[in-house]
Amino acid sequence: MVFINESIKEITLKLVYYGPGLSGKTTNLEKIYDNPKLGGKGKMITMATEADRTIFFDFLPMELTTQRGHKIRIQLYTVPGQVFYDATRRLVLRGADGVIFVVDSQRALKEANLESFQNLKDNLLINKIDPEKIPIVLQYNKRDLDDLLPIEDLEKSFNKEKKYPYFEASAIKGEGVLKTLQKAIHLMIENLNNRVDIGIKEKKEEEKEEGSEELLTLLKMLYNSNQNTILLLSSLLEDLKKQEEFLLSYLQKTKDKIQ
Ligand SMILES: Nc1nc2c(ncn2[C@@H]2O[C@H](COP(=O)(O)OP(=O)(O)O)[C@@H](O)[C@H]2O)c(=O)[nH]1
Ligand SMILES: [Mg+2]
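Position numbers for residues count from 1 along each chain, tracking the sequence in the order it is written. Labels are handed out in written order, letters beginning with A for the chains and numbers beginning with 1 for the ligands. Restriction of local features to residues with pLDDT of at least 70 applies here, the model being predicted, together with a cutoff of 80 or more for giving and counting side-chain atom pairs; totals for whole chains, interfaces and linings are based on all residues.

A. Representation of unusual backbone geometry. Look at L22: it is not a glycine, yet its phi comes out positive at around 70°. Unusually for a residue other than glycine, K142 sits at a positive phi of about 65°. Going along the chain from the N terminus, every DSSP run of H or I of four or more residues is numbered as a helix, and every run of E of two or more is numbered as a strand. Considering the arrangement of structural elements, one finds K142 in the loop between strand 7 (136-141) and helix 4 (151-158). Residue class for K142 comes out buried when judged on the 22 C-beta atoms lying within 10 Å of it. Three exposure classes are used, based on other C-beta atoms lying within 10 Å of a residue's own C-beta, which is placed from the backbone: buried for 20 or more, exposed for 12 or fewer, and partly exposed in between.

Now the structure itself:
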């Protein structure tokens, strides 16, 4: 959901890295975080357990300034890939303005990629986001490995109608990471420009002086942020409960086997 605070010329865009577990989403964010050429970054937050860094999600805020002096805040998120964490995925996807779908190019992972791509479309619809309208950029990752699907095959599977721009990448080497990000940001801004005329929407001087609209906007922002935190925590709890149930049944099965 694009959030525009006209009075202080700020736009916030949410970009979500989606894809199956271990396809390289967190690695993309790490490379962006570590890139000294990219200014305006905040702290990267990774919600994970020590044993498995793909659990939960990562968050990295960035800031850009356009030629017209608009500040654009970009919030980068990754979703947890494992089947267990669908509630978290749905929630992270809420209000997204763009998606980078990170494909693991290894031959053996074709099905996992396709399943996750379908899951993305389902979860977009659940979040009332039109999969046909939201910018989606494909990243065919892990191109440094052996036994990969050729690009033509991947394109046939994910991009039959050539709807999405795609990039080959080796996130671990930092290759293709920035190109993918830049394209997604470009498409989100293009989408925004087509729908919302920022120039016309700017406030008149007298309204600016009153400041009441500004206060209302800030209060709304605060409220939305609290709501998001509450939803995020409850969805994490939901996923954790599922995980607990799984572990308990696994433990029971193992016990039964031993006895
Ligand atoms: N060879 C190779 N390994 C990668 C690449 N990108 C990520 N990985 C590795 O794949 C594993 C999973 O990556 P991660 O970013 O945590 O995946 P996520 O679950 O999608 O967040 C890690 O061991 C990464 O180092 C890549 O381009 N090439
Ligand atoms: Mg991850």
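B. Fine view of the packing of helix 2 (residues 86-93) against helix 3 (residues 110-126). Remark: helix 2 packs on helix 3, axes separated minimally by 9 Å, with the N-to-C direction vectors making an angle of 60°. On the basis of the axis angle, helix 2 is oblique to helix 3. Seen along the crossing, helix 2 lies across helix 3 with a hand that is right-handed. Residue-level contacts link R89, R90 and L93 of helix 2 to N123, L124 and I126 of helix 3. For the contact of helix 2 with helix 3, the per-class residue count stands at three nonpolar, one polar and two charged. What counts as an axis is a line fitted to C-alpha atoms, over the stretch in contact for a helix, and the angles between N-to-C directions run from 0 to 180 degrees. Small angles under 35 degrees read as roughly parallel and large ones over 145 as roughly antiparallel, with 65 to 115 read as roughly perpendicular and the rest as oblique. Throughout, a crossing is termed right-handed when the near helix is turned clockwise from the far one, and left-handed when it is turned anticlockwise from it by less than a right angle. Here, residues touch in the contact sense if the C-beta positions derived from the backbone fall within 7 Å of one another. Three classes are used, and their members are as follows: Ala, Val, Leu, Ile, Met, Phe, Trp, Tyr, Cys and Pro are nonpolar, Asp, Glu, Lys and Arg are charged, and the others, Gly among them, are polar.

C. Representation of the pairing of strand 4 (residues 58-65) within the structure. DSSP calls a pair of strands paired once it identifies at least 2 bridges connecting them. Of the strand pairs in this sheet, strand 3 (residues 45-46) and strand 4 are connected by two bridges, and their pairing is antiparallel. If you follow T46 over to strand 4, its bridge partner there is D58. Connecting the antiparallel pair strand 4 and strand 5 (residues 71-78) is a turn made up of five residues, with G69 showing a positive phi of about 85°.

D. Representation of helix 1 (residues 25-34) within the structure. In terms of residue burial, helix 1 counts as a mostly covered element, since seven of its ten residues are buried. Burial in helix 1 covers these residues: K25, T26, T27, N28, L29, K31 and I32.

E. Representation of the pairing of strand 2 (residues 10-18). Of all nine residues in strand 2, seven are buried; the element is thus mostly enclosed. Pairing between strand 2 and strand 5: eight bridges, direction parallel. Looking across to strand 5, one finds that L13 is bridged to I74.

Functional significance is not addressed by these values, which are geometric in nature.
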